[in-house]
Structures are given as C-alpha cells and as structure tokens.
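# Structural overview
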Amino acid sequence: MDAIILQILNGLDKGAAYALIALGLTLIFGTLGVVNFAHGALFMIGAFCAVALQALFNASTVTLDPTKTDFLGNPAKVETPYLVSWFGPETGASIIDWSVPLAILFAFPIMVIFGFILERGLIKHFYKRPHADQILVTFGLAIVLQEIVKYFFGANPIPTSAPDVFRGSLDFGVWLGFEANAIIYPYWRLVYFAFAAVLIASVFAFLQFTTFGMVVRAGMADRETVGLLGIDIDKRFTLIFGLAAAVAGLAGVMYTPILSPNYHMGMDFLVLSFVVVVVGGMGSLPGAVLAGFLLGILQSFASMNEVKSLVPGIDQIIIYLVAIIILLSRPRGLMGRKGVMEE
C-alpha cells in the first residue's frame, strides 16, 4: 500500500506540470483557435527566468582579506555577493536562498509581456490559417527560442536550489499511520503540487467569477455574437494569451528545483502536454487539468521496476497508449465538446 501511495505522490508533481502547461495550451486553443507548439518554450523561458534571477542574486564583488592568505602568502581573494554587502549577511543570504520563489515576481511580468508580443507580432497572422500552418510556425519558433537559450546559458543543465527550509524530505507515511520511513517524499515536490493547485484554482476562479472571465468564456462559445455586442473580444483574447504564457512560465519557475533547467526541457514537456490536451478534450479546461494529473500518475506507476520488468519501456509509451485508446473510443477526449475532432 505504501508503494502505491508513493507512486501517486510521484505522479502528482509531474501531473501538475502537465496540467499547468496543458491549461495554457487549452486557453489559447479555446480562445484563439491556435495550436501553439511554442507553448513548451514558454515553460522553458520561465525556468530560465529563475536561473537568471539566481545568477543576478549571486553576483559578487571580489575583495582582498589580509587576515587570510593563499598558498603563496598573498592576501586571499574573497567573493562577497552584492546583496550581502547591501543588506547584511543574514538578510542578503536569505534573499539569495529564496531566489526561486522570488523569481515568480520576476517572471510574471516578463511572461505576460512576452505573451503579448508573441500574439501581436506572430500568432495573430495565423488565426485563419490551417492548423498545419500554425503548428509549423510555432514549432519553428520553439526551436529558435530553444537555440537562443542554449546560446546564452549553454547546453548543460543548471542546478537551481530550493530554499533551505524546503530541502530534505517529509516522512509522509507517519501521517497516514505507516511505519517510520515507509513513505519519504521531498518537501519541494509537495510545495510544487500545492502551488499548482492554487494557480489552477486562481485561473478557474478568474474565468468563472470575474466579468472579464465571463466575457472570455462567452467569446470562446460564440465569438461573433460577443463581437456584435460591441465588445472588443480580440483585445481580451490577447490578454488571455498573456495569462496563458504566465501560467506556463510560473510552472517552469517552480519546477527548477525538481528538474535542473536545460534548453530542451520545453520540448520534452510540450509533446506530452499536447497529448494531455487531446486526451482531456480540445478546448476543455477541466479536461486538460484532469488528464494532466491522471496521465502523470499513470506514468509514475509505469516507471515502477516491477512494471518495467514485465513490459520494458512501458514508462516511455504509456501516455501515448492511453491517448490512442481514449481517442479511438472517444475522439473528442474525456471532456471535450461534442463535435470537436469528431468529424
């Protein structure tokens, strides 16, 4: 039983990442009708916002310490971060330690602005083009962004640490009545799941309970009628594109302590997240979230050694197998609208 609970927990944090990226993909498809294959790159850019802020916080000045000497007897060079010099050892070190959570404040406006520029500068020209054209141009954009990140940050993964207070693991099994050390789970993965739950709930609350969100939902259902009412629905959809970019970016920021950022991480998550969108139902926000968590948990169970010994490589293909089965039996996905992808 403890092994089952552990695999469910392992699937939740990966499923949370899938759900957040798929949520943004579905928002864009549902509002603009665009299949955005550059969305995984937004996840990657968010992750590298955390990397950039960490590097900025660690920027140091070099001074000579006469009380210490090197092997030649010269005064030792000491690197002191500017934040430590400005705010003192305790406050400066604390700011550096919390660079990943603070990167949320740094990444949010960057991702929203980048989303606006992307939609106004490129995506709007492909609204009425076939989906194949949209896929080609956004996939090409993803490759360009990937190579830009590779040029500036290099090809190797860059370790990014969680705050000290969230390092280590929680004896989760004790809470459930199991023996000590039966279920050990990293603190930060729990933090990521909680963060994803809050972010998803915030997006749904925004769309459900605000006037802006209600108009957007109406536009998703009948764009022409909303336009005839004198509402500039295009401007609202542009803002939604920025929101979708921010959701993907923040998902990337908080995922950095779990997976060290690298230039191809966006593409790795994009393909799986797009499968999640299709399985959940194109244009269905609840479907994207539900499918994200379900497929994340399934992938976690498929990665167990007992399962892989029976079916080698099953952890690499389980999501695609489930997608094939669901789409053969229900082409519109788990919660997709009737008629979508059923022609």
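Heads up: the structure comes first, above all this text.
These remarks concern the structure in this document. Since the structure is predicted, the reported quantities are computational estimates derived from the model, not experimental observations.

## What about the nonpolar core?
- Leu20, Phe43, Met44 and Tyr192 are the most contacted members of the largest nonpolar core, which totals 106 residues.
- Examining the composition of this core, we find that 16 residues originate from one element, helix 1 (residues 2-32), more than from any other.
- Once residues lying within four places of it in the same chain are set aside, the contact partners of Tyr192 are Asp13, Ala16, Ala17, Leu20, Phe43, Ala251, Met254, Tyr255 and Ile258.

## Some remarks on the environment of Leu298
- Here Leu298 shows up in helix 13 (residues 285-302).
- Taking relative accessible area as the criterion, Leu298 reaches 37% and is therefore assigned partly exposed.
- Along the chain, Leu298 and Ile319 lie 21 residues apart, while their C-alpha atoms are 7.6 Å from each other.

## Side note on the packing of helix 9 (residues 211-221) against helix 11 (residues 233-255)
- Where helix 9 meets helix 11, the closest approach of the two axes is 10 Å, and the angle between their N-to-C directions is 105°. Between helix 9 and helix 11, the angle is such that the two are roughly perpendicular. From helix 9, Phe212, Val215, Val216, Gly219 and Met220 reach across to helix 11, where they touch Ile233, Arg236, Phe237, Leu239 and Ile240.

## Regarding the packing of helix 12 (residues 265-280) against helix 15 (residues 314-329)
- Relative to each other, helix 12 and helix 15 sit at 25°, their axes nearing to 10 Å. With respect to helix 15, the element helix 12 is oriented roughly parallel. Crossing of helix 12 over helix 15 shows left-handed handedness. Taken together, the residues of helix 15 that come into contact with helix 12 (itself represented by Val271, Leu272, Val275, Val278 and Val279) are Ile319, Tyr320, Ala323, Ile326 and Leu327.
- Of the residues that constitute the contact of helix 12 with helix 15, the class distribution is 10 nonpolar, no polar and no charged.

## Description of the side chain of Ser284
- By the secondary structure assignment, Ser284 is in the loop between helix 12 and helix 13.
- Accessibility expressed as a relative area gives 8% for Ser284, which makes it buried.
- A polar atom in the side chain of Ser284 sits 3.1 Å from the backbone nitrogen of Gly287.
- Leaving out residues up to four positions away in the same chain, Ser284 has contacts with Thr26, Met335 and Gly336.

## Quick notes on helix 11
- In this model, helix 11 (23 residues) spans 33 Å end to end at C-alpha, consistent with the 33 Å of a helix rising 1.5 Å per residue.
- Within helix 11, 18 of the 23 residues are buried, which leaves it mostly tucked inside the rest of the structure.

## A short note on the environment of Arg223
- Along the chain, Arg223 falls in helix 10 (residues 223-228).
- A residue is classified by how much of its surface remains accessible, and Arg223, at 29% relative accessible area, is partly exposed.
- For the pair formed by Arg223 and Leu32, sequence separation is 191 residues and the distance between their alpha carbons is 9.6 Å.

## Thoughts on the pattern of salt bridges
- Evaluation of the coordinates by the stated rule reveals five salt bridges.
- The partner of Arg167 in a salt bridge is Asp97, and the shortest N-O contact between them spans 3.9 Å. Of the two residues, Arg167 is situated in the loop between helix 6 (131-153) and strand 3 (169-171) and Asp97 in helix 4 (residues 89-97); the sequence distance between them amounts to 70 residues.
- Take Arg167: its relative accessible area is 44%, and that puts it in the partly exposed class.
- Note on Asp97: relative accessible area 17%, which makes it buried.
- Linking Arg120 and Glu119 is a salt bridge whose minimum nitrogen-to-oxygen distance equals 2.6 Å.
- Residue classification places Arg120 among the partly exposed positions, given a relative accessible area of 38%.
- Each of Asp97, Asp164 and Arg167 takes part in a single network of salt bridges with overlapping partners.

## Structural notes on a nonpolar patch on the surface
- Taken together, the side chains of Val271, Ile317, Tyr320, Leu321, Ile324 and Leu328 make up a nonpolar region of the molecular surface, amounting to roughly 540 Å² of accessible area.
- If one sorts the elements of the nonpolar patch by residue count, helix 15 sits on top with five residues.
- Tracing the backbone through its elements, the reader meets Tyr320 in helix 15.
- The partly exposed category is assigned to Tyr320, whose relative accessible area is 32%.

## Considerations on the packing of aromatic side chains
- The tally for this structure, following the rule as stated, stands at 14 aromatic pairs.
- Between the aromatic rings of Phe193 and Phe293, the centroid separation amounts to 6.0 Å while the plane-to-plane angle is 80°, which identifies the pairing as edge-to-face. Of this pair, Phe193 sits in helix 8 (residues 187-209) while Phe293 sits in helix 13, and the two are 100 residues apart along the sequence.
- Plain terms: the ring middles of Tyr255 and Phe269 are 5.4 Å apart, the flat faces sit at 80° to each other, and that makes the pair edge-to-face. With Tyr255 in helix 11 and Phe269 in helix 12, the pair connects residues that are 14 residues apart, well separated along the chain.
- An aromatic cluster is present here, built from Tyr18, Phe43, Tyr192, Tyr255 and Phe269 joined pairwise through their rings.

## Remarks on the side chain of Thr160
- Tracing the sequence through the fold places Thr160 in the loop between helix 6 and strand 3.
- Of the polar contacts made by the side chain of Thr160, one reaches the backbone oxygen of Ile158; its length is 3.2 Å.
- Aside from chain neighbours lying at most four places away, what touches Thr160 is Val51, Gln54, Val100, Thr256, Pro257 and Pro261.

Parameters at a glance
- Here the residue numbering is sequential within each chain, running from 1 through the sequence in written order.
- With pLDDT at 70 or above as the cut-off, local features in this predicted model cover only qualifying residues; side-chain atom pairs require 80 or more to be listed or tallied, and sums for whole chains, interfaces and linings still use all residues.
- The side-chain figures draw on all heavy atoms in the structure; neither hydrogens nor water molecules are used.
- In these notes, a set of buried Ala, Val, Leu, Ile, Met, Phe, Trp, Tyr and Cys residues joined through side-chain atoms within 4.5 Å is what counts as a nonpolar core.
- Buried residues are those whose accessible area, probed at 1.4 Å on protein chains only, stays under 20% of the maximum for their type, while exposed residues exceed 50% and partly exposed ones sit between those limits.
- Under the DSSP-based scheme used, a helix requires at least four consecutive residues in state H or I and a strand at least two consecutive residues in state E, with every element numbered from the N terminus.
- Residue contacts are counted whenever heavy atoms from the two residues lie within 4.5 Å of one another.
- Think of each axis as a best-fit line through the C-alpha atoms, taken over the contacting stretch in the case of a helix, with angles from 0 to 180 degrees between the N-to-C directions.
- Note that the term roughly parallel is reserved for angles under 35 degrees, roughly antiparallel for angles over 145, roughly perpendicular for angles of 65 to 115, and oblique for everything else.
- Handedness of a crossing follows from how the near helix is turned relative to the far one, being left-handed for an anticlockwise turn of less than a right angle and right-handed for a clockwise one.
- Under the scheme applied here, ten amino acids are nonpolar (Ala, Val, Leu, Ile, Met, Phe, Trp, Tyr, Cys and Pro), four are charged (Asp, Glu, Lys and Arg), and all others, including Gly, are polar.
- Side-chain atoms alone can form a polar contact between residues adjacent in sequence; in general such a contact is a pair of N or O atoms within 3.5 Å, and within protein one must be able to donate a hydrogen while the other accepts it.
- Expected helix span is computed as 1.5 Å times (number of residues minus one).
- Just to be clear on terms, a salt bridge is a Lys or Arg side-chain nitrogen sitting within 4 Å of an Asp or Glu carboxyl oxygen.
- In this scheme, patches are assembled from residues that exceed 30% relative accessible area and form no salt bridge. Like charges are connected within 9 Å, while nonpolar side chains (Val, Leu, Ile, Met, Phe, Trp, Tyr) are connected within 5 Å.
- For the area figures, the Shrake-Rupley method with a 1.4 Å probe applies, and any residue is considered shielded solely by the protein chains shown.
- Between rings of Phe, Tyr and Trp, where Trp is taken as its six-membered ring, a pair exists when centres lie within 6.5 Å; planes separated by under 30 degrees are stacked, by over 60 edge-to-face, and by other angles tilted.

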